[in-house]
Amino acid sequence: MEIPPGVTQPAKLRIIHIILICTAVVGKILENFGICTQVSFVRYMQGRKTLGADPKLFIKDLWFDKVPVRIYQPKAPSASQRRGVLFFHGGGWVFGSLETHEELCRFIARESESVVVSVGYRLAPEHKYPAAYEDCLSASQHFLQHLQHYGVDPARVAVCGDSAGGNLAAAVSQTLAGRSDLPRLRAQILIYPGLQALDFNLPSYQQNRGVPLLFRERAVYYSLQYVQGDTSNLEEVLEGSHIPPDMRLQYQKWVSPDIIPEEFKVRGYKPHKPSEFKPAVFEKVKSLREPTLCPLLAEDTIIQQLPESFILTCEYDVLRDDGLLYKKRLEDNGVPVTWYHLEDGFHGIVNLFDYCGLSFPSGKRGLDRVVEFIKGL
């Protein structure tokens with residue numbers, strides 16, 4: 001673990017990291033005793049906190065086309081139709097639930113006076129790609145088809161997600177971009193999203209490889225759990241052996257350290273030469289080239305149709321450069337982008353805006369910017 005000097009309140013981050021490690025260790029012990037899997041124990045611990053009724057919100061659990069959702073509707077009467085926000089939680093496609101992001105969704109619904117729909121998509125490794133994407137797309141389509149039931153303005157619906165949820169929001173936004181049978185999305189809101197799996201040696205992956213709450217190796221772990229249901233070939237993917245040279249060349253215009261602004265390379269970055277290509281590894285993970293898994297690889301014709309975008313990145317986050325690269329692609333294709341960068345932020349900081357006395361001011365600041373953007377739609 002490396003906590004950079006630029007992180008404010010490093011002791012808090014250290015404590016949170018230790019809590020997560022202890023949870024994982026206990027889970028591994030229980031797994032070794034055959035009591036439960038480590039993944040199921042961590043999920044149980046993460047989802048234990050339950051909140052009571054909210055005085056300002058109606059909260060109801062529903063099913064949208066066989067997908068569980070939780071809908072948050074402001075109680076205060078509104079003279080006009082409200083904004084709608086489809087929210088996809090983070091957790092590396094392996095963790096996260098309606099419960100883990102309950103406070104975040106309540107805050108967004110209350111503060112932006114919007115109807116928020118949190119989607120409880122299926123998780124890996126039990127349900128591999130494209131299960132999570134398909135669930136988010138199905139729930140989104142259902143919501144867009146029934147907006148009148150929830151008093152939502154068809155011209156003001158956004159998709160939003162953090163981390164893996166940001167990935168899903170970007171993928172759903174791309175899929176819906178060309179649909180003429182549904183209301184057009186007004187915006188996409190991507191909070192430190194993971195958007196590609198071609199290169200895990202971009203500057204941010206090198207600089208922040210040991211910074212909590214997402215290590216470089218862990219980012220690959222989650223991607224492989226989602227793609228293939230296990231973490232075999234992790235080392236080969238880390239070193240870049242999973243991508244054919246011609247494919248790497250094809251996507252170099254979109255995924256390359258050369259595109260990252262120089263000010264983001266000053267902190268310990270060294271150009272990396274990929275290891276020798278291994279066709280057997282590529283065969284196992286070749287779905288990584290699909291835009292519904294790696295939205296950064298979508299063609300310009302799709303990118304040009306995307307709605308106004310908000311992207312939040314953190315300086316001390318391995319996924320920082322994914323956000324920067326997508327920001328550039330959107331701007332190059334004429335899509336309006338609001339970019340907010342947390343100079344002292346790390347992965348997961350926004351989710352900690354109200355975490356048992358261990359919150360960080362910049363996380364709340366980032367969340368306030370998200371709400372401000374939504375209110376402007």
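Since we're looking at a predicted model, the values are computed, not measured.

Draft legend 1. Quick look at the packing of aromatic side chains. Enumeration according to the criterion identifies 14 aromatic pairs in this entry. Arranged with centres 6.2 Å apart and planes meeting at 90°, the rings of Phe95 and Tyr222 form a pair that is edge-to-face. On the criterion of sequence distance, the pair formed by Phe95 in the loop between β3 (82-88) and α3 (102-112) and Tyr222 in helix α7 (residues 216-228) is long-range, its members being 127 residues apart. Across the pair, Tyr222 and Phe95 agree in class, each one buried.

Draft legend 2. Region of the structure containing the sheet that holds strand β8 (residues 337-346). Taken in spatial order, the 8 strands of this open sheet run β1-β2-β4-β3-β5-β6-β7-β8, and their pairing is mixed. Where the open sheet ends on each side, the last strands, each with one partner, are β1 (57-64) and β8. On average, each strand axis in the sheet is tilted by 20° relative to the strand beside it, whichever way the strands run. In this structure, β3 lies alongside strand β4 (residues 115-119), joined through 5 bridges in parallel fashion. Paired with Val85 across the strands is Val116, a residue of β4. Strands β3, β5 (152-162) and β6 (187-191) of the sheet are contacted by helix α5 (residues 164-177), whose axis makes an angle of about 140° with β5. On the sheet, helix α12 (residues 320-332) packs against β6, β7 (308-316) and β8 and is oriented at approximately 150° with respect to β7.

Draft legend 3. Spotlight on the UniProt feature "active site" (unreviewed entry) in the chain. UniProt's feature table lists "active site" (unreviewed entry) at Ser163, Asp317 and His347, given in the numbering used throughout. Spatially, the listed residues are clustered: although they cover 185 residues, their C-alpha atoms lie within 10.6 Å of one another. Among the structural elements, Asp317 can be located in the loop between β7 and α12. The residues contacting Asp317, other than those within four sequence positions of it, are Tyr192, Ser204, Asn208, Phe346 and His347. The topology assignment puts His347 in the loop between β8 and α13 (361-375). Look past the residues within four positions of His347 in its chain and what remains in contact with it is Ser163, Tyr192, Leu213, Leu214, Tyr316, Asp317 and Leu319. Separated by 2.8 Å, the side chains of His347 and Ser163 make a polar contact.

Draft legend 4. Seen up close, the packing of helix α1 (residues 10-32) against helix α2 (residues 38-46). Running from amino to carboxyl end, α1 crosses α2 at an angle of 135°, the nearest separation of the two axes being 8 Å. One way to sum up the angle between α1 and α2 is to call them oblique. You can see that α1 and α2 cross each other, and the crossing is right-handed. Contacts from Thr23, Ala24, Val26, Gly27, Lys28, Leu30 and Glu31 of α1 reach α2 at Gln38, Phe41, Val42 and Met45. Its residues assigned to classes, the contact of α1 with α2 comprises 6 nonpolar, 3 polar and 2 charged.

Draft legend 5. Examining the state of the cysteines more closely. Counted according to the given criterion, the structure contains 0 disulfides. The thiol sulfur of Cys36 is not disulfide-bonded, and the nearest other cysteine sulfur, from Cys22, lies at 16 Å. The closest cysteine sulfur to the non-disulfide-bonded Cys160 is located on Cys105, 8.0 Å from its own sulfur.

Draft legend 6. Just the pairing of β3, in detail. Burial analysis of β3 places 7 of its 7 residues in the buried class, which makes it a mostly covered element. Pairing of β3 with β5 involves 6 bridges; the strand directions are parallel. Across the sheet, Val85 pairs through a bridge with Ala158, a residue of β5. For the handedness criterion, the β-α-β arrangement of β3, α3 and β4 is classed as right-handed.

Draft legend 7. The arrangement of the environment of Ile19 in detail. Note on placement: Ile19 falls in helix α1. Apart from residues no more than four positions distant in its own chain, Ile19 is found in contact with Tyr355 and Leu358.

Reading guide: rules and limits
Within each chain, residues carry numbers counting from 1 in the order of the written sequence. In keeping with the model being predicted, local features are shown solely for residues with a pLDDT of at least 70 and side-chain atom pairs are shown and tallied solely at 80 or more, while totals for entire chains, interfaces and linings include all residues. Neither water nor hydrogens contribute to the side-chain values; these are computed over all heavy atoms in the structure. Aromatic rings from Phe, Tyr and Trp, with only the six-membered ring used for Trp, were paired whenever their centres fell within 6.5 Å, and each pair was classed as stacked if the ring planes differed by under 30 degrees, edge-to-face if by over 60, and tilted otherwise. Secondary structure elements are taken from DSSP: a helix is a run of H or I of four residues or more, a strand is a run of E of two residues or more, and numbering for both begins at the N terminus. The classification of residues rests on relative accessible area computed with a 1.4 Å probe and restricted to protein chains. Under 20% of the type maximum is buried, over 50% is exposed, and intermediate values are partly exposed. Here, a strand pair is defined by DSSP locating no fewer than two bridges between the strands. Axes, fitted as lines to C-alpha atoms, cover a helix only where it is in contact. Angles between the N-to-C directions of the axes lie from 0 to 180 degrees. In what follows, residue pairs with any heavy atoms lying within 4.5 Å of each other are defined as contacts. UniProt positions are given in the numbering used here, feature names are shortened, and annotations may be inferred rather than shown by experiment. Polar contacts, as used here, are pairs of N or O atoms within 3.5 Å; protein pairs need one atom able to donate a hydrogen and one able to accept it. Residues neighboring in sequence count only if both atoms are side-chain atoms. Relative orientations are named as follows: roughly parallel for angles under 35 degrees, roughly antiparallel for angles over 145 degrees, roughly perpendicular for angles from 65 to 115 degrees, and oblique for any other angle. Crossings are assigned a handedness: left-handed for a near helix turned anticlockwise from the far helix by less than a right angle, right-handed for a clockwise turn. Residue polarity follows a fixed list, in which Ala, Val, Leu, Ile, Met, Phe, Trp, Tyr, Cys and Pro are nonpolar, Asp, Glu, Lys and Arg are charged, and the others, Gly among them, are polar. Note on disulfides: each one is a pair of cysteine sulfur atoms within 2.5 Å. Note on handedness: a clockwise path from strand one over the helix to strand two, with the strands aimed away from the viewer, defines a right-handed crossover.

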